[in-house]
Amino acid sequence: DDDTEVARTIAKAQIDLGYHTLLLMRARKLPPEPIAYKLLIQACGRCKVTHRASRLMYMLSQDGLAINSEIYTSLITAFSIDGSQPSSLALYQMYEDDNISSLSSPSQRSLSGSNHLLMERHASS
């Protein structure tokens with residue numbers, strides 16, 4: 001249906017606008033609130049733009065903001081909706097493993113190992 005396709009195109013453009021707005025805020029040293037990331041991740045899931053959801057998680061970590069259970073749930077839901085991506089359980093496990101390893105070294109602020117590879121894989125898709 002043409003109307004559905006137009007609506008999807010508009011929704012994806014709005015996600016891009018939100019994403020680029022967050023990038024602009026970061027560039028201007030205006031730290032976005034975690035809720036902005038969460039809501040945009042949820043929108044990414046609804047529109048099946050999961051590569052943006054992965055990038056948002058990376059940005060959230062780079063900003064040193066806490067990744068809470070609501071944000072994890074939003075990410076898992078986003079990947080559950082899009083069947084073409086890795087299993088949401090595997091994704092959750094990767095983030096949990098990195099979260100546990102970061103607890104042992106509090107100075108670590110960026111994603112490591114498996115998360116970094118996951119971000120690169122989604123960015124290239």
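Here, residues in each chain are numbered from 1, in the same order as that chain's written sequence. It should be noted that, the model being predicted, local features are given only for residues of pLDDT at least 70 and side-chain atom pairs only at 80 or more, the latter also being counted only at that level, while totals for whole chains, interfaces and linings use all residues. Note that water and hydrogens are dropped before the side-chain values are worked out from all heavy atoms of the structure.

Trainee: If you had to explain the overall build of the protein to someone new, which residues and values would you point to?
Mentor: Each helix is a run of DSSP H or I of at least 4 residues and each strand a run of E of at least 2, with the numbering of both proceeding from the N terminus. Across its full length, the protein holds six helices and zero strands. For the protein, the succession of helices and strands along the chain, N to C, is α-α-α-α-α-α. Partitioning the contacts of the protein with sequence separation of at least 6, the portion at a separation of at least 24 is 58%. Of the roughly 7400 Å² that the protein leaves accessible, carbon and sulfur atoms contribute 57%. Whether two residues are in contact is decided by their heavy atoms, any of which lying within 4.5 Å being enough. Each accessible area is a Shrake-Rupley estimate made with a 1.4 Å probe; only the visible protein chains count as cover when residues are assessed.

Trainee: An account of helix H2 (residues 34-46) is requested, with residue identities and associated values reported.
Mentor: Helix span, expected: 1.5 Å multiplied by one less than the number of residues in the helix. Taking 1.5 Å per residue, 13 residues should reach 18 Å; H2 reaches 19 Å between its end C-alpha atoms and fits that length. Between buried and exposed lies partly exposed: a residue is buried under 20% and exposed over 50% of the maximum accessible area for its type, with that area taken using a 1.4 Å probe on protein chains only. Where H2 is concerned, the buried positions are Tyr 37, Lys 38, Leu 40, Ile 41, Ala 43, Cys 44 and Gly 45. Of the surrounding secondary structure, the elements contacted by the buried residues of H2 are helix H1 (2-27), helix H3 (50-62) and helix H4 (69-81).

Trainee: So what about the nonpolar core? Which residues, and what values?
Mentor: Grouped together as the largest cluster of nonpolar side chains are 18 residues, with contacts concentrated most on Ile 41, Leu 56 and Met 57. Apart from residues lying up to four places away in sequence, Leu 56 is in contact with Tyr 19, Leu 22, Tyr 37, Leu 40, Ile 41 and Cys 44. Side-chain atoms within 4.5 Å link the members of a nonpolar core, which is a set of buried Ala, Val, Leu, Ile, Met, Phe, Trp, Tyr and Cys residues.

Trainee: Account for the pattern of salt bridges, with residues named and values stated.
Mentor: A side-chain nitrogen of Lys or Arg and a carboxyl oxygen of Asp or Glu constitute a salt bridge if their distance falls within 4 Å. For the structure on display, the rule yields four salt bridges. Ionic pairing is found between Asp 16 and Arg 52, a salt bridge with its closest N-O pair at 3.0 Å. A residue pair is termed long-range when its members are at least 10 positions apart, and Asp 16 in helix H1 and Arg 52 in helix H3 qualify at 36 residues. For Asp 16, a relative accessible area of 30% gives the class partly exposed. Owing to a relative accessible area of 16%, Arg 52 belongs among the buried residues under this scheme.

Trainee: Quick rundown of the confidence of the model for the protein? Include the residues and the values.
Mentor: Any residue range with low pLDDT should be treated as having predicted coordinates unsuitable for detailed reading. Summing up the model confidence of the protein, the mean pLDDT is 74 and the portion of residues at 70 or higher is 65%. How sure the predictor is of each residue is captured by pLDDT, a score from 0 to 100. When the elements of the protein are averaged for pLDDT, helix H6 (residues 113-124) gives the smallest value, 46, and H1 the largest, 92. Contacts of residues 102-125 to residues separated by more than four positions or lying in other chains number 38 contacts, the stretch itself having pLDDT below 50.

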